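# Topology and contacts: notes
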Amino acid sequence: MKQIRLLAQYYVDLMVKLGLVRFSLLLASALVVLAMIVQMAVTMVLRGHVESIDMVRSVFFGLLITPWAVYFLSVVVEQLEESRQRLARLVDKLEEMRNRDLELNQQMKGNITLLNQEIADRIKAEEARLQVMAKLKEEMVRREQAQIELEQQSSFLRSFLDASPDLVFYRNSDQQFSGCNRAMELLTGKSEKQLIGLSPKEVYDDDAATKVLETDEKVFRHNVSLTYEQWLQYPDGRKACFEIRKVPYYDRVGKRSGLMGFGRDITERKRYQDALENASREKTTFISTISHELRTPLNGIVGLSRILLDTDLNQEQLKYLKTIHVSAITLGNIFNDVIEMDKIDRRKVQLDNQPIDFTGFLADLENLSGLLAEPKGLKFVLAPDLPLPHKIIADGTRLRQILWNLIGNAVKFTQKGEIVVRVGYQQDGRLCFEVKDSGMGIPQDEQDKIFAMYYQVKDQRGGKPATGTGIGLAVSRRLAQSMGGDISVHSSPGQGSCFTLTLNAPRVEEEPQDEQAEDDLPLPALHVLLVEDIELNVVVARSVLEKLGNSVEVAMTGQAALDMFDPEEFDLVLLDIQLPDMTGLDVARAIHQRHAGKQLPPLVALTANVLKDKREYLDAGMDDVLSKPLAVPALTAMIKKYWDFQADELSSEPEFTMDEKKLALLDVPMLEQYIELVGPGLIHQSLAMFEQMMPGYLAVLDSNMMARDQKGIAEEGHKIKGAAGSVGLTHLQQIAKQIQSPELPAWWDNVQEWIDELKQEWRKDVDVLRQWVTDAEKK
């Protein structure tokens, strides 16, 4: 079978190889040949011989059967070939299916492997999920607990904010409310929900909203906190003053989200401050009133005793009268201590630095001190270290008050021996007094306490406080420090005490010839209008004026003075401030109004109220001020001042002369050298630069003072001293020198006052310098 199949395959392959035509011809030829062979073989067998006809018949038979046989075989072969091809295709498909089955089987094995792996992974994932779910449940429990705690803290914080009496609010960057506390709700009359999203203009009145928006803008613009005071109104119309602090706040990435605000009601504080201010004003008014009421009789005692001392008296009367005179002066100085203490409390101490005759000052000091020491049998010695200046610039009243306290204490605590006052003047313009006594001395542990207010040294013999007010030394030290100096003490029990006073007192340079000529000039005989309502004061003042060769007319009221006054008749008007119907200031204003445009005589205020600043009288129309009791040196100096000035006005070449008090503020020699070398332009330029720099210096000085930074204060004071000195502002330079010197006694107690003085005075001094330069240019 296999051979047949191979034969058939060979047959088919041959047909395919030769082609149907050639194969058919070959097959026909083969069949013809085969038929011939078979015919000839059969014939040979049967006949024994082969004839030609037999060959023909064989050929004919072969040709006859060949087409049918070829056709049959071709059809069979063709069908067989188609069957084979179908079978081959089927085999190919089977093979393809087999291969596909193999692939699918392989894929199935891979899928089964992956599925097994996935099942394992899912088992692990499920285990992990179960673990995560367990952890998640634990986390949820913790979060629930944290949420509960957060809600509790939030509730506590909200309760805390709502319980706070202070305002708490916050606004976004669009200046709209984002939240607030209960106090803010009460202030605005709106709940937090109603307030959220509203702008300040929708919550406050116009004025308050404007200020709120302005301060918000400052916080947003500069990204800094801001504190200020503002009055806000409650819905019921009640107003309260709040100290509001605003600060910017930021989100997690540092971007500014808005601002937070806190407001504290300081209405009660304001009320207390007003009450304190009113009390201070009432105290000042009381002291002012009592100043006038007490000084009126005291001035009479001092004035009349001074006049009586020039009369003929026996020794006993002279002794009693000197005691009265000294006692009155002592009482007046005690009263001055009380006044200065009030000024110190209110930080209203203002020095009146003017040129004073230092020689005459020392002579008066020696005479009065001798009178004070005489009743106790003590010897008073004034020991000047020559040479001393003839004139200095200082506050003579305050200097006299300080020395009187020191000498009075020396006399008080000395039972026998002497009181020695040494006077020296240093090249740097500092005046030095040493008051030495031979009294009981001061223990070492009390030497730091004696300058405290109301402290009194114990009597070494009985242990009781010594007599006195306990304010003299405290006031004297404060005054000395305000004059650029200080008071120190060296003492040992039983060996006396030595108090040293130093202060700034610039020398006034004068030409000897002019000074001598001035002293030789006689005082003019003036027609004086004295306006005074106290008989005793009238007697004292009239006696002094007439002794100087003046004629005096008296008016007891302001109206009488106005009726009597004639600018062409009187040469001088002395006006008491306290009059029955009006004040002396009112009289001065009325005189200026009635006689506007006319040349008026000098209007000089007479007052015992030493609380007021001299500037107040000058602003009211007065030309000068004299204190009561009327002192001959002060009156003489005033007369010389105005009548010498009038003589200068009549001279052929009028020349500007700035007030010596103002000149003392400047380093005139240095400025004159600058003008001579480089002209006034440099001073103007330096002064402009100083004005630009000074506010910055003061701002830094204030911040250092608030921080109690001693080093920073001293450094800034050094800068100001250098800047002021470079433009010739001597007064400011001296103040700054004190600020930069923490080693000075009681520096912390006084530095704020020096800074305040610097703030108040620096612009005035700059104006003085600018005026001086302008006048120098005109010359």
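This is a predicted model, so every value here is computed, not measured. (Residues numbered from 1 in each chain as written. Predicted model: local features only at pLDDT ≥ 70, side-chain atom pairs only at ≥ 80, totals over all residues. Heavy atoms only, no water.)

### Points about the overall build of the chain
Looking only at helices and strands, one finds 23 helices and 17 strands in the chain. The burial tally for the chain puts 38% of its 779 residues in the buried class. (Helix = DSSP H or I, 4+ residues; strand = E, 2+ residues; numbered from the N terminus. Buried < 20%, exposed > 50% of the residue type's maximum accessible area, 1.4 Å probe, protein only.)

### Considering the sheet that holds strand β3 (residues 226–233)
For sheets, the rule is that strands pair by backbone hydrogen bonds, running either parallel or antiparallel. Read across the sheet, five strands follow the order β2-β1-β5-β4-β3 without closing on themselves; strand pairing throughout is antiparallel. Single-partner strands in this sheet number two, and they are β2 (177–180) and β3. Here the strands of the sheet are splayed against their neighbours by 25 degrees on average, with no regard to which way each runs. Of the strand pairs in this sheet, β3 and strand β4 (residues 239–250) are connected by eight bridges, and their pairing is antiparallel. (Pairing = 2+ DSSP bridges. Axes fitted to C-alpha atoms, helices over the stretch in contact; angles between N-to-C directions.)

### With respect to the packing of helix α21 (residues 710–726) against helix α22 (residues 730–739)
Running from N to C, α21 and α22 point in directions that differ by 160 degrees, and their axes come no closer than 8 Å. Here α22 runs roughly antiparallel to α21, going by the angle between their axes. Here α21 runs over α22; the crossing is left-handed. Contact residues: α21 offers Ile713, Ala714, Gly717, Ile720, Lys721, Ala724 and Gly725, while α22 offers Leu732, Gln733, Ala736, Lys737 and Ile739. Here the contact of α21 with α22 is composed, by residue class, of seven nonpolar, three polar and two charged. (Parallel < 35°, antiparallel > 145°, perpendicular 65-115°, else oblique. Left-handed = near helix turned anticlockwise from the far one by under 90°. Contact = heavy atoms within 4.5 Å. Nonpolar A, V, L, I, M, F, W, Y, C, P; charged D, E, K, R; others polar.)

### Observations concerning the packing of aromatic side chains
In this structure the tally under the stated criterion is six aromatic pairs. Centroid distance Tyr234 to Phe242: 6.5 Å. Interplanar angle 45 degrees. Geometry classified as tilted. Judged by its relative accessible area of 14%, Tyr234 falls in the buried class. For Phe242, a relative accessible area of 1% puts it in the buried group. Relative to Phe433, the ring of Phe358 has its centre 6.3 Å away and its plane inclined at 75 degrees; by these criteria the two rings are edge-to-face. (Phe/Tyr/Trp six-rings, centres within 6.5 Å; stacked < 30°, edge-to-face > 60°.)

### Topic: the pattern of salt bridges
Applying the stated criterion to the full structure yields 17 salt bridges. Between Arg129 and Glu126 there is a salt bridge, with the nearest N and O atoms lying 2.4 Å from each other. Of this pair, Arg129 and Glu126 both sit in helix α3 (residues 52–163), separated by three residues, roughly a single helical turn. The salt bridge partner of Lys641 is Asp624, with a shortest N-O separation of 3.3 Å. Note that Lys641 is positioned in helix α17 (residues 632–649) and Asp624 in strand β17 (residues 624–627), a separation of 17 residues in sequence. One network of salt bridges, in which partners are shared, links Glu139, Arg142 and Arg143. (Salt bridge = Lys/Arg side-chain N within 4 Å of Asp/Glu carboxyl O.)

### Points about a nonpolar patch on the surface
Residues Leu34, Val38, Val42, Val45 and Leu46 make up a contiguous nonpolar surface patch of about 500 Å² in total accessible area. Summarising the element assignment, Leu46 is placed in helix α2 (residues 20–46). Its relative accessible area of 67% is what places Leu46 among the exposed residues. (Patch = residues over 30% accessible without salt bridge, like charges linked within 9 Å, V, L, I, M, F, W, Y side chains within 5 Å. Areas by Shrake-Rupley, 256 points an atom, 1.4 Å probe, with all protein chains shown as cover.)

### Structural notes on α21
Counted at 1.5 Å a residue, the expected span for α21 with its 17 residues is 24 Å, and the 24 Å between its end C-alpha atoms agrees. Of all the residues in α21, the buried ones are Gly712, Ile713, Ala714, Glu716, Gly717, Ile720, Lys721, Ala723, Ala724 and Gly725. Phi for Gly728, located one or two positions after α21, is positive at around 85 degrees. (Expected span 1.5 Å × (residues − 1).)

### Some thoughts on helix α11 (residues 472–482)
Most of α11 sits out of view: eight of its eleven residues are buried. Along α11, the residues classified as buried are Gly472, Leu473, Ala474, Val475, Ser476, Leu479, Ala480 and Gln481. Within two residues after α11, Gly484 carries a phi angle of roughly 80 degrees, on the positive side.

### Here we look at the pairing of β17
Because side chains alternate across β17, one face comprises the buried residues Asp624 and Leu626, and the other comprises Val625 and Ser627, none of which is buried. When strand β16 (residues 603–607) meets β17, the two strands line up parallel, connected through four bridges. Note on β17: the bridge partner recorded for Thr607 is Ser627.

### Examining the side chain of Ser497
Checked against the element boundaries, Ser497 lands in strand β12 (residues 497–504). Judged by relative accessible area, Ser497 falls into the buried class, the value being 6%. A polar atom in the side chain of Ser497 sits 2.8 Å from the side chain of Ser491. Here Ser497 is in contact with Val435, Lys436, Asp437, Gly441, Ile442, His490 and Ser491, once residues within four sequence places are set aside. (Polar contact = N/O pair within 3.5 Å; in protein donor to acceptor, adjacent residues only side chain to side chain.)

### Focus: the sheet that holds strand β11 (residues 486–491)
Spatial ordering of the open sheet is given by β7-β9-β10-β12-β11, a layout of five strands whose pairing is mixed. Looking at strand neighbours, the two that pair on one side only are β7 (379–384) and β11, the edges of this open sheet. Strand-to-strand twist across the sheet, computed as the mean angle between neighbouring axes with direction ignored, equals 15 degrees. Along the sheet face, α11 touches β11 and β12 and points at about 130 degrees away from the line of β11.

### A few points about the confidence of the model for the chain
When pLDDT is averaged across the chain, the result is 79; 82% of the residues are at 70 or more. Ranking the elements of the chain by mean pLDDT puts helix α12 (residues 512–520) last with 46 and helix α14 (residues 558–564) first with 92. When the criterion is pLDDT under 50, residues 460–468 qualifies, and its contacts beyond four places in sequence or with other chains add up to 18 contacts. Contacts from residues 512–520, a stretch scored under 50 in pLDDT, to residues over four places away or in other chains number five contacts. (pLDDT = per-residue confidence, 0-100.)

### What about the packing of α22 against helix α23 (residues 747–778)?
Between α22 and α23, whose axes approach to 9 Å, the crossing angle comes to 160 degrees. What the angle tells us is that α22 and α23 run roughly antiparallel. Remark: the crossing between α22 and α23 carries left-handed chirality. Along the contact surface, α22 presents His731, Leu732, Ile735, Gln738 and Ile739, while α23 presents Trp747, Val751, Trp754, Ile755, Glu757, Leu758, Glu761, Trp762 and Asp765. Residues belonging to the contact of α22 with α23 are distributed by class as follows: nine nonpolar, two polar and three charged.

### A look at the side chain of Lys246
For Lys246, the location among the structural elements is in strand β4. In this structure the side chain of Lys246 is engaged in a polar contact, spanning 3.2 Å, whose partner is the backbone oxygen of Val212. Within the structure, the side chain of Lys246 is placed 2.6 Å from the side chain of Asp216, a separation counted as a polar contact.

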